[in-house]
Amino acid sequence: PNNIEIGASILSADFCYIGEAVEEAISSNIDFIHVDIMDGKFVESITWGPQTIADIKKNFNVVTDVHLMVEKPEQVLEQYLNAYPDRVSIHPESTYFSRKLLHQIKNSGAEAGIAMKLETPIESVINLLDIVDFVLLLSSEEGFGGNSYSEAIMTSKICKIMNLKKSLNYKLKIQLDGGIKGHNLGVLYEQGVNRFVLGSALYNNDPFKMNYEKIINVL
Ligand code: DX5
Ligand code: ZN
């Protein structure tokens, strides 16, 4: 189907070969590259910084989706926007300034998203839905690749966000991140989710291309 987007999360790639990981994804015609920025505070892990985004943009022609999993994103957002990412999502759990930051993202020309941890209720972001382009729902425990999809929490969350999308903001894209595999992707797509981030499902076990083809064949 053409209204579905699949992105590769390089968190599951070998950090010594990030360029190769991006290249592999592009040569499989991936729709976007998802880059988790983790500061060791908002989540346990530490990953990359703004230079990583700048270098991906410099070396590749690919949609770059930056997932800012950092405390006080207001202190670093500008640096990331200077690297010209195509999409940036921030967590409302990490800042008092969500609305202002989302405007800042939009003013830079990037798509602005609100990202939510598994335990964060949909209700807490309702007042931001008028300004965001997409909502990123973490669908597994945050911080690492390879965690399993949380069916128990996600079923009602997806239902709620779909209803809000219908009543408030038709254009809103719903993006799932965490535990997405070939076996749950199809069902979630049928529920109305249009963007998926996949890490371990694409980078682990078999070569990327093989993993990717297996996954899109079930759609
Ligand atoms: C988790 C990250 C995800 C992660 C998903 O906190 O935000 O982007 O890479 O990895 P998988 O697809 O392996 O669950
Ligand atoms: Zn992510």
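Our structure is the block above this text.
Parameters and conventions
Residues numbered from 1 in each chain as written. Chains lettered and ligands numbered in written order. Predicted model: local features only at pLDDT ≥ 70, side-chain atom pairs only at ≥ 80, totals over all residues. Heavy atoms only, no water. Phe/Tyr/Trp six-rings, centres within 6.5 Å; stacked < 30°, edge-to-face > 60°. Lys NZ or Arg CZ within 6 Å of the ring centre and 35° of its normal. Donors = N, O, S within 2.8 Å, 3.2 Å for Na, K, Ca; no water. Tetrahedral: all angles 85-135°; square planar, octahedral: opposite > 155°, others 65-115°. Helix = DSSP H or I, 4+ residues; strand = E, 2+ residues; numbered from the N terminus. Buried < 20%, exposed > 50% of the residue type's maximum accessible area, 1.4 Å probe, protein only. Pairing = 2+ DSSP bridges. Axes fitted to C-alpha atoms, helices over the stretch in contact; angles between N-to-C directions. Contact = heavy atoms within 4.5 Å. Near = heavy atom within 4 Å. Polar contact = N/O pair within 3.5 Å; in protein donor to acceptor, adjacent residues only side chain to side chain. Nonpolar A, V, L, I, M, F, W, Y, C, P; charged D, E, K, R; others polar. Patch = residues over 30% accessible without salt bridge, like charges linked within 9 Å, V, L, I, M, F, W, Y side chains within 5 Å. Areas by Shrake-Rupley, 256 points an atom, 1.4 Å probe, with all protein chains shown as cover. Salt bridge = Lys/Arg side-chain N within 4 Å of Asp/Glu carboxyl O. Lys, Arg positive; Asp, Glu negative; His and termini not counted. Charge placed at Lys NZ, Arg CZ, Asp CG, Glu CD.

Engineer: Hey, could you run me through the packing of aromatic side chains in this one?
Structural biologist: A complete count under the given rule lists three aromatic pairs for this structure. Ring-pair connections join several aromatic residues into one group, and the members of that group are Y203, F208 and Y212. Over the face of the ring belonging to F42 we find K117, whose NZ or CZ atom lies 4.1 Å from the ring centre.

Engineer: Can you help me understand the coordination of the zinc ion (ligand 2) in this one?
Structural biologist: Four donors placed tetrahedrally about a metal ideally form angles of 109.5 degrees, and six donors placed octahedrally ideally form angles of 90 or 180 degrees. Within the protein, the atoms that donate to the zinc ion (ligand 2) are H34 (NE2), D36 (OD), H67 (ND1) and D177 (OD), at distances of 2.0 to 2.3 Å. Around the zinc ion (ligand 2), the six donor atoms are arranged such that angles at the metal cover 70 to 169°; this shape is classified as octahedral. In primary sequence terms, the donor set of the zinc ion (ligand 2) follows H-x1-D-x30-H-x109-D. Taken together, the positions of H34 in strand β2 (residues 32-38) and D177 in strand β7 (residues 173-177) put the pair 143 residues apart, joining distant regions of the chain. D177 matches H34 in its accessibility class, with the two residues each being buried.

Engineer: Explain the sheet that holds strand β4 (residues 87-90) to me, please; I cannot follow it from the model alone.
Structural biologist: By way of backbone hydrogen bonds, the strands of a sheet pair with one another, either parallel or antiparallel. Overall, parallel pairing links the eight strands, which are arranged β1-β2-β3-β4-β5-β6-β7-β8 in a closed barrel. Going from strand to strand, the sheet's axes swing by 25° on average, the running direction of each strand aside. As defined by bridge partners, strand β1 (residues 5-9) adjoins strand β8 (residues 195-198) across four bridges and the pair is classed as parallel. Paired with G7 across the bridge in β8 is V197. The strands that helix α2 (residues 50-59) touches are β2 and β3 (64-69); relative to β3, the one it contacts most, it runs at about 175°.

Engineer: Can you walk me through the site of ligand 1 in this structure?
Structural biologist: In the vicinity of ligand 1 there are 22 residues, among which S9, D36, G146, D177 and S200 approach most closely. At 3.4 Å, a side-chain N or O of H67 approaches an oxygen atom of ligand 1. G143 has a polar backbone atom sitting 2.8 Å from an oxygen atom of ligand 1. Those elements that place two or more of their residues in the shell around ligand 1 are β2, β3 and β8. Per-element tally for the shell around ligand 1: the top contributor is β2, with three residues. Of the residues assigned to the shell around ligand 1, the class counts are seven nonpolar, twelve polar and three charged.

Engineer: Explanation requested: a negative patch on the surface in the structure shown.
Structural biologist: A grouping of D14, E20, E23 and E24 is seen on the molecular surface, where their side chains present a negatively charged patch. Relative to the helices and strands, E20 is located in helix α1 (residues 18-27). Judged by its relative accessible area of 43%, E20 falls in the partly exposed class.

Engineer: How do you make sense of the pattern of salt bridges when you look at a structure like this?
Structural biologist: A side chain with one charge may pair with a side chain of the opposite charge, provided their charged atoms come close. If you walk through the whole model with that rule in mind, you get eleven salt bridges. Between R99 and D130 there is a salt bridge whose closest N-O contact spans 2.9 Å. Of this pair, R99 sits in helix α4 (residues 98-107) while D130 sits in the loop between β5 (111-116) and β6 (134-138), placing them 31 residues apart in sequence. A relative accessible area of 35% means that R99 is categorised as partly exposed. For D130, a relative accessible area of 54% translates into the label exposed.

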